[in-house]
Amino acid sequence: MTDQATDVDPDIPGKPTSASRTTLSHIMTHNDTNLLGTVHGGVIMKLVDDAAGAVAGRHSGGPAVTASMDEMAFLEPVRVGDLVHVKAQVNWTGRTSMEVGVRVLAERWNESAPPTQVGSAYLVFAAVDADGKPRQVPPVLPETDRDRRRYQEAQIRRTHRLARRRAIRELREKRAAEGFED
């Protein structure tokens, strides 16, 4: 499956980064905790996927599905009573896929201290039509120096994802040719 930016239809107008950027906020309760009494990582991951999915759908103008999640980093624990803000934006687009960058911030619900970054992630979404088939997405148009840096970093991550996928496929083919069953 190729998704080269060079395959993009020139008749599809691009969208600026700000057009689909969003923030999802949620207050953490006891229902969100793990056995250690902090917020379960899976709760944070769902919020990340929800925010990223909204951004991908907005940017692509229709349904988009999670293809992968890269580099989910938990930097600080989140506690009951924290107000969590999940900020997401499209960093890069190919022909049918998009990388969405997400920052997770937390602050005490009853304090005026600035939020602390508690996590980050990169997700790849594929735009799909009503039949679940890939469909083209508009190119993302970075607006700021930060957006341009994120675009360039996303291209590097994409190159690494494709190289990793290719190396694993080649190893499996080699093992199969040698008679190994996995």
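Cut-off values and rules
Residues numbered from 1 in each chain as written. Predicted model: local features only at pLDDT ≥ 70, side-chain atom pairs only at ≥ 80, totals over all residues. Heavy atoms only, no water. Phe/Tyr/Trp six-rings, centres within 6.5 Å; stacked < 30°, edge-to-face > 60°. Lys NZ or Arg CZ within 6 Å of the ring centre and 35° of its normal. Core = buried A, V, L, I, M, F, W, Y, C linked by side-chain atoms within 4.5 Å. Buried < 20%, exposed > 50% of the residue type's maximum accessible area, 1.4 Å probe, protein only. Helix = DSSP H or I, 4+ residues; strand = E, 2+ residues; numbered from the N terminus. Contact = heavy atoms within 4.5 Å. Pairing = 2+ DSSP bridges. Axes fitted to C-alpha atoms, helices over the stretch in contact; angles between N-to-C directions. UniProt positions renumbered as here; feature names shortened; annotations may be inferred. Salt bridge = Lys/Arg side-chain N within 4 Å of Asp/Glu carboxyl O.

> Just to check I follow, could you spell out the packing of aromatic side chains for this structure?
Taken as a whole and judged by the stated rule, the model has zero aromatic pairs. The positively charged end of Arg-157 is found above the aromatic ring belonging to Tyr-122, 3.5 Å away from the centroid. Positioned above the aromatic ring of Phe-180 is the side chain of Arg-175, whose terminal nitrogen or guanidinium carbon lies 4.5 Å from the ring centre.

> Just checking my understanding: could you explain the nonpolar core for this structure?
For soluble globular proteins, the rule of thumb is that nonpolar side chains tend to be buried together. In this structure, Ile-44, Val-48, Val-84, Val-86, Val-100, Val-102 and Val-104 are the most contacted members of the largest nonpolar core, which totals 27 residues. The leading source of residues in this core is helix H1 (residues 41-60), at seven residues.

> I would appreciate a short explanation of the side chain of Ser-20 in the present structure.
Relative to the assigned elements, Ser-20 resides in the loop between strand E1 (15-16) and strand E2 (22-27). Using a relative accessible area of 1% as the deciding quantity, one classes Ser-20 as buried. Among all residues touching Ser-20, those that are not within four sequence positions of it are Val-55, Arg-58, His-59 and Val-90.

> Would you explain the sheet that holds strand E4 (residues 82-93) in this entry?
Within a sheet, neighbouring strands are paired by backbone hydrogen bonds and run either parallel or antiparallel to one another. What the five strands build is an open sheet, ordered E2-E4-E5-E6-E3; its pairing is antiparallel. Two strands bound the open sheet, and with one partner strand each, they are E2 and strand E3 (64-74). Ignoring strand direction, the axes of neighbouring strands in this sheet form an average angle of 25°. Here six bridges tie E2 to E4, and the two strands are oriented antiparallel to one another. Considered in E4, the bridge of Ile-27 is made with Leu-83. The sheet contacts of H1 involve E2, E3, E4, strand E5 (97-108) and strand E6 (116-127), and relative to E3 the element is tilted by about 135°. Across the sheet, helix H2 (residues 145-177) lies against E3, E4, E5 and E6, angled at about 75° from E4, the strand it touches most.

> What is the right way to read unusual backbone geometry from this model?
Both trends apply: most residues other than glycine have a negative phi, and most peptide bonds are in trans. Of note, Glu-71 is a non-glycine position whose phi angle comes to about 50°, a positive value. Position of Glu-71 relative to the elements: it lies in strand E3.

> I keep staring at the UniProt feature "domain: HotDog ACOT-type" (unreviewed entry) in the protein and nothing clicks. Help me out?
Per the UniProt record, "domain: HotDog ACOT-type" (unreviewed entry) is annotated on residues 18-131. Counted over residues 18-131, helix gives 18% and strand 46%. Its end C-alpha atoms are 29 Å apart.

> How should the pattern of salt bridges be read in this particular structure?
Opposite charge on two side chains permits them to pair, given that their charged atoms come into close proximity. The final tally for this structure, using the stated rule, is eight salt bridges. When the shortest N-O distance is used, the salt bridge between Glu-99 and Arg-157 registers 2.8 Å. Pair noted here: Glu-99 is in strand E5 and Arg-157 is in helix H2, with a separation of 58 residues, a long-range link. Salt bridges sharing common partners tie together Asp-70, Glu-99, Arg-157 and Arg-161.

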